[in-house]
Amino acid sequence: MSDAPTELGELTITRIFEARPEVVFECMTTPSHLTHFWGPIGMSTPLEGIKVEPRPGGRFETVMVNDETGEEYPTHGVFVEFDPPRTFSFTEADVAGGMTTAIVFNDLGDGRTETVTHQTNVPPMFMSPEAQAGLETSFVKMDAYLATL
Amino acid sequence: MANDPLSQTFAALADPTRRAILVRLAEGEATVNELAEPFDISLQAVSKHLKVLEGAGLISRGRDAQYRPCHFEPAPLEAATDWIAMNREIWTERFDQLEQHLKRMTPDKEKEKEP
């Protein structure tokens, strides 16, 4: 995998899937597909708890259920972008002060798709141009330090 | 904006000057004057940044009334990085399962192509 180094407060995950962008995009935005893979290991995501309103401003909600304890973990996302099969993004206002997840689907032209998932926990109001310019240098240093903790 | 500790940590870290202050303090304690030196900003501005960092629990201040040296407190950062690591794990497992799901779908697609 070719994951970029993680900046503090941000997460980028790059994956290549053996399917065309249209198929991968549909899987990631259709409840009957999502129920098969959305929950991480040890969690299920029942079909009836998944809401997808495929448009900017539409809801993107799931309820993950712990297979052992039955504990429920609802997620409340709202689509910001919805542009099949190129990209979609959603915000979760109730996670870490407002988290945005953006997924870009790159057509590799050979039936495969590269997805780049980028999550940022830094609310947009703090992402001034100055703050962004500072990300490069300060986060690199901070990451180096964190690696020693 | 939410006031949970994680949000405060990320908000405190969103400013480049505050991150630079933390990087400096990670090397060892320092006074406000020492911290202000490399920046082209007033002592008051530095003090404001220190208050935000203190509010997020990322630094503590000494009791010495005159100098009040600042110490770096890594615990909130560890919570933030733990959270990021957990999210990475969730997405990695999610995509592993999507991969399996796509594999299960493929035979159906091929069947559709057959006359």
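Residues numbered from 1 in each chain as written. Chains lettered and ligands numbered in written order. Predicted model: local features only at pLDDT ≥ 70, side-chain atom pairs only at ≥ 80, totals over all residues.

### Observations concerning the overall build of chain A
Part 1 of the reasoning: Summing up its helical and strand segments, chain A has 3 helices and 8 strands in all.
Part 2 of the reasoning: Mapped in sequence order, the helices and strands of chain A form the string β-α-α-β-β-β-β-β-β-β-α.
Part 3 of the reasoning: Taken across its 149 residues, chain A has 32% of its residues classed as buried.
Part 4 of the reasoning: Contacts spanning at least 24 positions in sequence make up 36% of the contacts within chain A whose residues lie at least 6 apart. (Helix = DSSP H or I, 4+ residues; strand = E, 2+ residues; numbered from the N terminus. Buried ≥ 20, exposed ≤ 12 C-beta atoms within 10 Å, placed from the backbone. Contact = placed C-beta atoms within 7 Å.)

### Overview of the packing of helix 2 (residues 16-26) of chain B against helix 4 (residues 43-55) of chain B
Two measures define how a pair of helices packs: the angle their axes make with one another and the distance between the axes.
Residues and elements named next belong to chain B.
Part 1 of the reasoning: In the contact formed by helix 2 and helix 4, the axes pass within 10 Å of each other and the chain directions differ by 75°. Relative to helix 4, the element helix 2 is oriented roughly perpendicular. On helix 4, the residues that touch Thr17, Arg18, Ile21 and Leu22 of helix 2 are His49, Val52 and Leu53.
Part 2 of the reasoning: When the residues that make up the contact of helix 2 with helix 4 are grouped by side-chain class, the tally is 4 nonpolar, 2 polar and 1 charged. (Axes fitted to C-alpha atoms, helices over the stretch in contact; angles between N-to-C directions. Parallel < 35°, antiparallel > 145°, perpendicular 65-115°, else oblique. Nonpolar A, V, L, I, M, F, W, Y, C, P; charged D, E, K, R; others polar.)

### Quick look at the pairing of strand 8 (residues 113-120) of chain A
All names here are of chain A.
Part 1 of the reasoning: With 8 bridges connecting them, strand 1 (residues 10-17) and strand 8 associate as antiparallel partners. What sits directly across from Leu11, in strand 8, is Gln119.
Part 2 of the reasoning: With 8 bridges joining them, strand 7 (residues 99-107) and strand 8 adopt antiparallel strand pairing. Each bridged residue has a counterpart across the sheet, and for Asn106 the counterpart in strand 8 is Glu114.
Part 3 of the reasoning: Hairpin connection from strand 7 to strand 8: 5 residues lie between these consecutive antiparallel strands, with Gly109 at a positive phi of about 80°. (Pairing = 2+ DSSP bridges.)

### Some thoughts on the pairing of strand 7 of chain A
Part 1 of the reasoning: Inspection of the sheet shows strand 6 (residues 87-92) of chain A paired to strand 7 of chain A by 6 bridges, in the antiparallel sense. Opposite A:Glu92, over in strand 7 of chain A, you have A:Met99 as the bridge partner.

### Some points on unusual backbone geometry
Part 1 of the reasoning: Omega for the bond connecting A:Pro84 with A:Pro85 falls within 30 degrees of zero, at -5°, which places this linkage in the cis form.
Part 2 of the reasoning: For A:Pro85, the location among the structural elements is in the loop between strand 5 (72-83) and strand 6.

### A closer look at the confidence of the model for chain B
Part 1 of the reasoning: The predicted model of chain B has a mean per-residue pLDDT of 82, with 88% of residues at 70 or higher.
Part 2 of the reasoning: At the level of chain-chain contacts, confidence expressed as ipTM amounts to 0.71, with global pTM at 0.66. (pLDDT = per-residue confidence, 0-100.)

### Comments concerning the nonpolar core
Part 1 of the reasoning: If you look at the biggest cluster of nonpolar residues, it comprises 20 residues, and the most contacted ones within it are B:Ala12, B:Leu22, B:Leu25, B:Leu53, B:Leu58 and B:Ile59.
Part 2 of the reasoning: Those elements that provide at least two residues to this core are helix 1 (5-13), helix 2, helix 3 (32-36), helix 4, strand 2 (70-72) and helix 5 (75-113) of chain B.
Part 3 of the reasoning: The greatest single-element share of this core, amounting to 4 residues, is contributed by helix 1 of chain B.
Part 4 of the reasoning: Among the nonpolar cores identified, the runner-up in size contains 19 residues, and A:Ala19, A:Phe60, A:Phe82 and B:Leu102 belong to it. (Core = buried A, V, L, I, M, F, W, Y, C linked by C-beta atoms within 7 Å.)

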